Amino acid sequence: MTPEEARTALDDFLVHRLPSFGRYQDAIWTGEPWLYHSRIAAAMNLKLLDPGDVVAGAERAWREGKVPVEAAEGFIRQVIGWREYVRGVYWHFMPEYESRNALGASLPLPAFYWTATTEMNCLRDALSQTLTHGYAHHIQRLMVTGLFAMLAGVRPQEVHRWYLAVYVDAVEWVELPNSLGMSQFADGGVMASKPYCASGAYIERMSNACKGCRFKPKQATGPEACPFTTLYWDFLARHAALLKTNPRMTMQLKNLERKDAAELRTIRRQADDFRGGLS
Ligand SMILES: Cc1cc2nc3c(=O)[nH]c(=O)nc-3n(C[C@H](O)[C@H](O)[C@H](O)COP(=O)(O)OP(=O)(O)OC[C@H]3O[C@@H](n4cnc5c(N)ncnc54)[C@H](O)[C@@H]3O)c2cc1C
Ligand code: SF4
């Protein structure tokens, strides 16, 4: 890609997709890898596009009445807020940051991350588009591939190496705080003030993936239990002592406390069996 081609890609985004960016930036739709995203991270990371010009372009589109304020604001916040913040985290905390493992996760990365061979629809979709295009949008990275790895207890350094290997925009200073910190909470709360942990019900709300899936997103036990949901309750129980010190986790832990003890035991056994079957 040349700087001219990168500029053309930015202009195409500003005209055709930015107007709907704010509304749909957190949505996941099976078979739709791009949705309303810009796909300019690689160009910015390679310095083919100046982030200042990118932000100015979005602001101009809003001032000219071509895009609603929530679209321009949402997009500018990603670039000025997240991207610059991530850069600060990386350069401030490295090289020690890379070896952090605040949750003591020890499982190897499941082999299906390299093949997309899984019955879990949401993961299969996110993984296949990743392996085909080298692209997945933020919520797929955070709340599908990242979430599953964190709930299962995969070693954060393996998760980090996978993200660094598979995405076309992967550059360590952006990728590492996002994967090890934001998605795995392995930095103990530097990048995010609480773990991004959720059950299958979240994925059902944000996508259409659960409709065709053989698992049931709200079910935590039994043969049709959604692995995200089983692992979610197990994750909360496993890390309850640590998470109790975090006021932002109060609601989630209250819901855990409401669970019947026998049901929780069954969930935890099923989570152990499931984890044991991952290779
Ligand atoms: C686990 C994980 C790993 C990631 N690895 C990378 C990576 O290696 N390289 C990378 O550039 N981004 C990474 N991101 C951030 C984000 O997912 C990508 O920047 C985005 O998906 C790229 O697609 P896009 O250009 O269509 O972004 P859009 O959705 O159109 O967003 C616009 C721009 O905002 C910036 N941005 C948005 N969110 C973030 C964020 N959390 N951190 C930094 N910049 C952000 C990007 O430059 C992006 O191009 C990662 C996120 C997660 C959760
Ligand atoms: S039911 Fe669970 S595994 Fe299946 S798509 Fe929904 S969240 Fe993913």
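Residues numbered from 1 in each chain as written. Chains lettered and ligands numbered in written order. Predicted model: local features only at pLDDT ≥ 70, side-chain atom pairs only at ≥ 80, totals over all residues.

## Quick notes on the site of ligand 1
Here is the rule we go by: For each residue, a C-beta atom is positioned from the backbone; the residue is called near a molecule or strand if that atom sits within 6 Å of it. For the purposes of this entry, the term helix denotes a DSSP run of H or I that reaches at least four residues, the term strand denotes a run of E that reaches at least two, and both are numbered from the N terminus. Each residue gets one label: Ala, Val, Leu, Ile, Met, Phe, Trp, Tyr, Cys and Pro are nonpolar, Asp, Glu, Lys and Arg are charged, and the others, such as Gly, are polar. Here the limits of each domain have been adopted from an automatic or database domain assignment.
Among the 29 residues in the neighbourhood of ligand 1, the closest are listed as H37, S38, A41, Q78 and E175. When residues of the shell around ligand 1 are traced back to their parent elements, those giving at least two are α3 (41-45), α5 (69-93), α7 (138-152) and α9 (172-183). The residue inventory of the shell around ligand 1, partitioned by class, reads 14 nonpolar, 10 polar and 5 charged. Residues from two domains meet in the shell around ligand 1; each of domain 1 (3-93) and domain 2 (102-279) gives at least three.

## Remarks on the domain arrangement of the chain
What counts, and what does not: Contacts are defined on C-beta atoms placed from the backbone: any two residues whose C-beta positions lie within 7 Å are in contact.
When its domains are assigned, the chain resolves into domain 1 (3-93) and domain 2 (102-279). Each of domain 1 and domain 2 has a C-alpha centre, and these two points are 26 Å apart. Each partner contributes residues to the interface: domain 1 has 18 residues there, and domain 2 has 23 residues. Mapped onto the side of domain 1 that touches domain 2, the elements with two or more residues apiece are α3 and α5. Considering each element in turn, the side of domain 1 that touches domain 2 owes the most residues, 6 residues, to α5. Here the side of domain 1 that touches domain 2 is composed, by residue class, of 11 nonpolar, 3 polar and 4 charged.

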